[in-house]
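Fold and geometry: a report
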Amino acid sequence: MSETLSKKKVGSLQAQRRFNIAWRLVVALLAILFSLFPVVLIFSTSINPVSQVTVTQLIPENATLNNFRRMLGDPQFPFARWVWNSIKVSGLTSLFVVGLTSLAAFSFSRFRFRLRQPLLRTILLVQVFPNILAVTALFLILLNIGRIYPGFGLNSHFGLILVYLGGAMGFNTWLMKGFFDTIPRELDEAAYIDGASSWYTFTRVIFPLVRPILAVIFILTFIGTYADYLLARVILTDKNMYTVAVGLSLFIGEQYSQRWNLFAAGALMAALPTLILFYLIQNQLQSGLTVGAVKG
Amino acid sequence: MAALSMGRKSGFGEMLGGGPLTSIVLRLVFIAAFDAFAIFTGWQLLRGAVAPLAIVLWLVALAITVVFLRRDAMPLRWIMPGLAFMVMMHIYPVLFTIYTAFTNYGDGHLIEKTTAIRQIESQVYLPADAKTYTWLPYEAPDGSYALWLTGEDGSQYFETSTGEAYTRQELEEQGVTFDSEGKPVAVGDYTPIPANRRFAVLPALQPLTFGNVELGVKITSPTRAGQVRQKYVYDPQQDAMIDQETGVVYANVQGTFTSPDGQTLIPGFPVIIGADNFQRLLTSPALRGPLVTIFTWTVVFAGMTVLTTFVLGLLLALALNDPNLPLRRTIRVLMIVPYALPAFISVLIWRGMFNPVIGVIGSQWDPGWFSSPIFAKVGILIVNLWLGYPYMFLITTGALQSIPADLYEAAKVDGASGFQQFWRITLPLLLVAVGPLLVGSFAFNFNNFTIIQLYNNGGPPIPGTPTPAGYTDILISYTYKLAFGGGRGADLGLAAAISIVIFVIVGAITIANFRYTGMLEEVSESV
């Protein structure tokens, strides 16, 4: 008697657990549908020969890769050029950011000096005033620099990189300093005793140990720079100089409804670089590294 | 040899920042090169009348020089490169923006005072008693023009648009030959323009002044030219422009030379006008109306975005935070796709989906996703929910997992229901952990230009505003329109004033956030 009762109990517990999992899976499915619906749609549009949205079929009739081919080949859209511009600007910016911030973070982490505290605070407080609000001033600065060095003025990629580097320090320095602090000082002290200079200690002892955080900061900066719209739009004026964010929005936007399928093909290709990088650092993103990387 | 490598002990080496000889030499070469670059660039900037930028550059160069030459400043050497960029491209522009907010910088007030005076002084007029000439045009291969002038008294001159002037006698002395009509066959590179092209070049000749500036000659009709005089002369004593023709005094009124009866001279120049821009924001009814609308929407937009994304992210995190759930990793990877897409792409995709003609949503149901003030806002919030909830899901999942399980055990022992557990344990602890991130998200969205601009350029437009403004404009996109909008002219001073308002709001929020998280105190503790 008592045996059957406990069996029943176990059975109902199992049913309850199964139900528990089931509704959670349903919720997950709905969430995934919400997340992926626009992406699936854009994929479907990108292989559609006609500029329209078909909701009835995932793979449209007469599916074609022509849109991709046109985006890459049609001289009317220097699309490949835009993507390359974006990769160039974001790559160089990220490289410099990692260099500048790792130097600063090493000093803040390893040396004790009079200006340390005020500087750390200043760097943080400067971030409070986003430089996009000073976009007019930045425009004028580049205008004046361009009169002397045209390669660094308005409508130049190096000018844009200069602007991005103004915001390099900030949270990145803090993030990196925090990581540097976790590396035991005994390591560099041992190097100093062996007669190494600070530079040697930095490049040969510390640098190899902090590579993961450098990679994360590189990728976060890359993603952030790649997605920048405001500064790139103000500074770059020539169609061939556009980054992909400016190019896709301005150029495709003009006759949006006619070029919807072309845009879709471009959007998929433009999303690829950051999509790959994003999934490379997915796990770090969840573990609290997100403070400086707010989005949405 | 030993002495060389022991440079750090010599007083001289110490004076140059210390270290081994090679590093001293490298350092000196670097400083010399950088200072040379800074001096040259600053000097060029000064010549272009951009003194503040030149001064900032020189200050940075001075700081770098000091830091690299003083041994006790060694730790700063590592920080200096990043700091230099920060000062030049972040702090200086921000300070410049603050300064601009107190000026009338903008269309009509763009160039420096000295340049504006020079431009006004270059204007000329033709006095009633002017000496007049008949003229024949000449041109040179480089595109410059010249005139062969014959006065009423028979005197003849050759005057070029590049400022040269010769009498007939001077030309004869130079060996120039004259044709049967008595005009020079050629002067230097200048050759006569045939009579049939005379009217074609007239438009090009009209704006030019020939000969020297003060006593230049301008074309007054297709056949005649007259000697002009400088129209305006700047009087530094009165800080005013004097019209030489009429004697009217144009006084400097807020960066525009203005006559007593209200006539103004173009161009003006920027001057400090105090708090006028801020006063206009607060008191001008035409500005205040849209500004209140825009400000309210900015707060609602940022607040609702944080609320909706957080609630959806939290609900999903609660639902999916079950260790027995299969495929957890796959679910997460697929769900956070919106977070991984660059925002400029996502917003454009949604714009297509809402499009009333071709869009999957808009063609089925269009309450005015772009034309109705309400539904354009709703559309933006939906797009931002989609963009932002994966981020909230990630951070709340992380925070949920860090809440100690024994708290729930204890609550169960005390007989708390699941609902009570959520309100009394989960939510408070969660908010402590992710609260600062929520504030960060609010501050970020306060300036989320990309979504507003790409969704509908801030539209639909608010009717009857003196400056372009839309119902979905937030402060930053409104600022952008004021500064770069074109059409109705750039008002950089006003744009900067609004930037200051944003600075103050976002700054206060962020600093409060730092205080709360102890991020600022962290520094003092770890020293």
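A few points on the structure. The structure displayed is predicted, hence computed values, not measured ones.

Turning our eyes to something else, we now look at the sheet that holds strand β13 (residues 256–258) of chain B. All names here are of chain B. Here 4 strands make up an open sheet; going across it, the order is β10-β11-β12-β13 and the pairing antiparallel. Edge positions in the open sheet fall to β10 (232–235) and β13, since each of these has one partner strand only. The mean inter-strand angle of the sheet, taken between neighbouring strand axes irrespective of direction, is 30°. Examined bridge by bridge, β10 and strand β11 (residues 240–243) share 4 bridges and lie antiparallel to one another. Directly across from Y232, in β11, lies its bridge partner D243. Packing of helix α6 (residues 113–121) onto the sheet brings it into contact with β10, β11, β12 (249–253) and β13, and relative to β10 it is tilted by some 145°.

Our next topic: the packing of helix α3 (residues 79–110) of chain A against helix α6 (residues 157–166) of chain A. Residue and element names in this part refer to chain A. Between α3 and α6, the least distance of the axes is 10 Å, while the angle of their chain directions is 40°. In terms of axis orientation, α3 runs oblique to α6. As for the relative orientation of α3 and α6, their crossing is right-handed in sense. Across the interface between the two elements, N85, K88, V89, L92, T93, F96, V97 and L100 from α3 touch H157, F158, L160, I161, Y164 and L165 from α6.

Facing the 103 residues of chain A at the interface are 104 residues of chain B. Both faces combined, the contact of chain A with chain B buries some 9,400 Å², and carbon together with sulfur accounts for 77% of it. The tally of links from chain A across to chain B stands at 1 salt bridge. Linking chain A to chain B there are 15 residue pairs in polar contact (both at pLDDT 80 or more). Examining the composition of the side of chain A that touches chain B, we find that 17 residues originate from one element, helix α1 (residues 2–46) of chain A, more than from any other. Here the side of chain A that touches chain B is built from residues that sort into 74 nonpolar, 22 polar and 7 charged.

So, about the pattern of salt bridges. All names here are of chain B. Scanning the entire structure with this criterion turns up 12 salt bridges over all chains. The partner of R224 in a salt bridge is E152, with the nearest N and O atoms 3.4 Å apart. Here the residue R224 occupies a position in strand β8 (residues 224–227), and E152 occupies one in the loop between β3 (145–151) and β4 (156–160), the gap between them amounting to 72 residues. Given a relative accessible area of 63%, E152 falls into the exposed group. In this structure, the salt-bridge partner of D243 is K231, at a minimum N-O distance of 3.0 Å. Linking D243 in strand β11 with K231 in the loop between β9 (229–230) and β10, this pair joins segments that are 12 residues apart in sequence. In this pair, the class of D243 matches that of K231, namely buried.

Rules and cut-offs
- Residues numbered from 1 in each chain as written.
- Chains lettered and ligands numbered in written order.
- Predicted model: local features only at pLDDT ≥ 70, side-chain atom pairs only at ≥ 80, totals over all residues.
- Heavy atoms only, no water.
- Pairing = 2+ DSSP bridges.
- Helix = DSSP H or I, 4+ residues; strand = E, 2+ residues; numbered from the N terminus.
- Axes fitted to C-alpha atoms, helices over the stretch in contact; angles between N-to-C directions.
- Contact = heavy atoms within 4.5 Å.
- Parallel < 35°, antiparallel > 145°, perpendicular 65-115°, else oblique.
- Left-handed = near helix turned anticlockwise from the far one by under 90°.
- Buried area = accessible area lost by both parts, 1.4 Å probe.
- Salt bridge = Lys/Arg side-chain N within 4 Å of Asp/Glu carboxyl O.
- Polar contact = N/O pair within 3.5 Å; in protein donor to acceptor, adjacent residues only side chain to side chain.
- Nonpolar A, V, L, I, M, F, W, Y, C, P; charged D, E, K, R; others polar.
- Buried < 20%, exposed > 50% of the residue type's maximum accessible area, 1.4 Å probe, protein only.

Shape is all these values report; function is a separate question.
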